[in-house]
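Chain by chain, the residues run as shown.
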Amino acid sequence: MVATEPEYHRILSEPLRSWISDSADYSTPVGLLACQRNPLLRKNTAFVISSTLSAPPPPPKGKQNKKSVIAPTLPTGVPVLEVILSDTVLFPEGGGQPTDTGIFRTQDGSVWPVLKVLRQGGTAVHYVQHVGDQTPEEALQKYFAAGVKIEVELDNGGWERRTDHMTLHTSQHLLSALLDTKLQLPTLSWSLTSSGPCYVEIPRGMTTEEILMIQNEANRLVFEGTKVHIEVQELDRTAIAPVEKTENGRAVGRGLPEDYTGGVHRVVHIAGVDINPCCGTHLPSLNNLQLFILPHTDALSRSATTVARLYFLAGPRLINHLTSTHNSLASTAALLSCGLPQVPERVAQVVDDRKSVTKRSEDLELELAKFIATEISSEMDKTSPGGLFRKHVHRLDDSPSALAFLTAIASALADLAAKSSLKQSYILVLSSSPSSPALTGTNVVLVLGSDDARVKIVGDGLKSTLGVKGGGKGSRWSGKLVGTWKAKEDAVVEEILEKVS
Ligand SMILES: [Zn+2]
């Protein structure tokens, strides 16, 4: 494991040294915790200061905010113990950085999952899952009585989580500092998302050139292994400048939380780049950070103001992101039987091909509709000159727009009528069903005729006898029927047509 250099954590006011507790008398305030003094430390031994049974959390009200998505939710129905220690390597949620998770090892060797750590006033409170056969009250007595020694540890999962958070939090400080100094773009807020790219919110969008310039500058500082250190002194709230606001009144960053009572003023320095008050755990060096900025900004409109989001990735999360995007690209390339670099060109080709196939199929449909209409019209001329021509035509069609095809036939018939090659009185039912009948299949029906009243009679008949849902106006009536279309349905249609006079 990499050790944090002694000059990483600098105590500027002497009294603070005695605030760091290594006894059972008091707890180290948030601001001076072991995780904040040495972010690479994975284990510490501590004394229990106090412990209590946690009251079950109230059910979440309304919409969950972003923080509650990131924070691990406490299991319901499992007793949870709240434990305050003399010191801890587990970071309590704060400054935009989510809580650590880890374990406690009690003196009998048993392991207790620490589900989350929260800051209450100036104190870190561990939420510990109750394990073992004894009651939670017995556990508090036996393992977590004041003065008892326990081991605190960032276990493998907890360390992985912390590494991710540290990498991204330090990256954010670096990114925000460069945006501010190089482009005068203040960071309005930022989000350490639970997965995928994180983002900073800035007052305007950025050009690709600007993004590249910031990324190059960041990675130059990474390459040089720029050092990070922490300075702490006693907090004097009156000496702290209030949070700045943009022209639009939007707060720039976040100030010291109102409810913080730890009394420590903690400032994170990135050598020559940034000085920023923050409680987070920060890497001692930018070495190996490798910041990657997604090459675009997303504009967000919020009531009166517009802000933009700039997404970034670093560390293990960057590798994971690249792996998953590479895998999507590789599987797309496999589907297209081409190499990765050819994917955009091949996709463009597929889209073009699809457009021309759709166009051709539309043209053919139109041609076919005319052909069917001509057939019907010539049959009409031959079979019932002077009388009423009644016909039902049923088709199989798997197109999602089967009704559009029936409508095309109807329009072709109307064209023939307009050219007066069709003088006959007629009433037609055109229906269409999927090629493989299914109970959930949708059948479509179109009624058309030379006389509006007859069309209405047939439409009403289909509604009342077959349960077709539909309606119409004038010479056309259309509807839908869910289920299988069988010989029985055909017979009913014939019967309805027969009755029309
Ligand atoms: Zn910070």
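Keep in mind that this is a model prediction, so the values were computed, not measured.

Reading the values: rules and limits
Residue numbers restart at each chain and count upward from 1, following the sequence in its written direction. Under the rules for a predicted model, residues below a pLDDT of 70 receive no local features and side-chain atom pairs below 80 are neither given nor counted, while totals for whole chains, interfaces and linings still include all residues. Comment: elements are numbered from the N terminus, with helices defined as DSSP H or I runs of at least four residues and strands as E runs of at least two. What the globule rule says is 2.2 Å times the number of residues to the power 0.38, and the radius of gyration is computed from C-alpha atoms. Residues with at least 20 neighbouring C-beta atoms inside 10 Å of their own are called buried, those with 12 or fewer are called exposed, and the rest are partly exposed, where every C-beta is derived from the backbone. Contact definition: two residues whose C-beta atoms, as placed from backbone geometry, lie within 7 Å. Pairing between strands is defined by DSSP: at least two bridges between them are needed. UniProt positions are given in the numbering used here, feature names are shortened, and annotations may be inferred rather than shown by experiment. Lines fitted to the C-alpha atoms define the axes, with helices restricted to the stretch that makes contact. Angles between their N-to-C directions range from 0 to 180 degrees. For classification purposes, angles smaller than 35 degrees are called roughly parallel, those larger than 145 roughly antiparallel, those between 65 and 115 roughly perpendicular, and all remaining angles oblique. The residue classification treats Ala, Val, Leu, Ile, Met, Phe, Trp, Tyr, Cys and Pro as nonpolar and Asp, Glu, Lys and Arg as charged. All others, Gly included, are polar. Expected helix span is computed as 1.5 Å times (number of residues minus one).

Each helix and strand counted, the chain has 10 helices and 19 strands in total. Taken over the C-alpha trace, the chain has a radius of gyration of 36 Å; the compact-globule value for 501 residues is 23 Å, which it surpasses by more than 25%. Expressed as lengths along the three principal axes of its C-alpha atoms, the size of the chain is roughly 115 × 60 × 45 Å. Within the chain, buried positions represent 35% of all 501 residues. If you take every contact in the chain between residues at least 6 apart in sequence, the share linking residues at least 24 apart comes to 72%.

Among the 10 residues that make up strand β5 (residues 111-120), 7 are buried, leaving the element largely enclosed by the rest of the structure. Sheet topology note: the strand β4 (residues 102-105)/β5 ladder contains 4 bridges and is antiparallel. Among the inter-strand pairings, Phe-104 is bridged to a residue of β5, identified as Trp-112. Linking β4 to β5, which pair antiparallel, is a turn of 5 residues; within it Gly-109 sits at a positive phi near 90°. Strand direction decides the pairing type here: β5 and strand β6 (residues 123-129), joined by 6 bridges, are antiparallel. Note that in β6 the partner of Leu-118 across the bridge is Val-125. Hairpin remark: β5 followed by β6, antiparallel, with 2 residues in the connecting loop; positive phi at Gly-121, about 65°.

Before going further, it helps to examine the environment of Thr-45. The topology assignment puts Thr-45 in strand β2 (residues 43-53). Here the alpha-carbon distance between Thr-45 and Lys-370, two residues 325 residues apart in the chain, equals 87 Å. In contact with Thr-45, other than residues within four places in its own chain, are Lys-149 and Glu-151.

With numbering aligned to this structure, UniProt lists the feature "domain: Threonyl/alanyl tRNA synthetase SAD" (unreviewed entry) at residues 266-295. With 0% helix and 43% strand, residues 266-295 has its two end C-alpha atoms placed 33 Å apart.

Let us look at the packing of helix α4 (residues 156-183) against helix α6 (residues 315-336). The interhelical angle for the contact between α4 and α6, taken along N-to-C directions, is 100°, at an axis separation of 7 Å. Taken together, the axis directions place α4 and α6 in an arrangement best described as roughly perpendicular. Note on element contacts: α6 touches α4 through Gly-315, Pro-316 and Arg-317, opposite Thr-163, Asp-164, Thr-167 and Leu-168. Here the residues of the contact of α4 with α6 sort into 2 nonpolar, 3 polar and 2 charged.

Moving on to the sheet that holds β2. Spatial strand order, β2-β3-β6-β5-β4-β7: 6 strands in a closed barrel with antiparallel pairing. Going across the sheet, the axis of each strand differs from the next one's by a mean of 45°, ignoring polarity. Two strands pair when backbone bridges link them, and strand β3 (residues 80-85) and β6 are joined in this way by 4 bridges, in the antiparallel orientation. Bridge assignment links Val-83 to a residue of β6, and that residue is His-126. Sheet strands in contact with helix α3 (residues 136-143) are β2 and β3, and its direction is about 135° off that of β2.

Every α-helical turn comprises 3.6 residues, leaving residues that sit three or four positions apart pointing alike. With 16 residues, helix α5 (residues 208-223) extends 22 Å between its outermost C-alpha atoms, agreeing within 8% with the 22 Å of an ideal straight helix rising 1.5 Å per residue. Downstream of α5 by one or two residues, Gly-225 has phi in the positive range, about 65°.

A one-sided burial pattern is seen for strand β19 (residues 476-482), the buried positions being Trp-477, Gly-479 and Leu-481 and the unburied ones Arg-476, Ser-478, Lys-480 and Val-482. The pairing of strand β17 (residues 442-449) with β19 spans 7 bridges and is antiparallel. Opposite Val-445, over in β19, you have Gly-479 as the bridge partner. Between the antiparallel neighbours strand β18 (residues 469-473) and β19 lie 2 residues, among them Gly-474 with a positive phi of about 65°.

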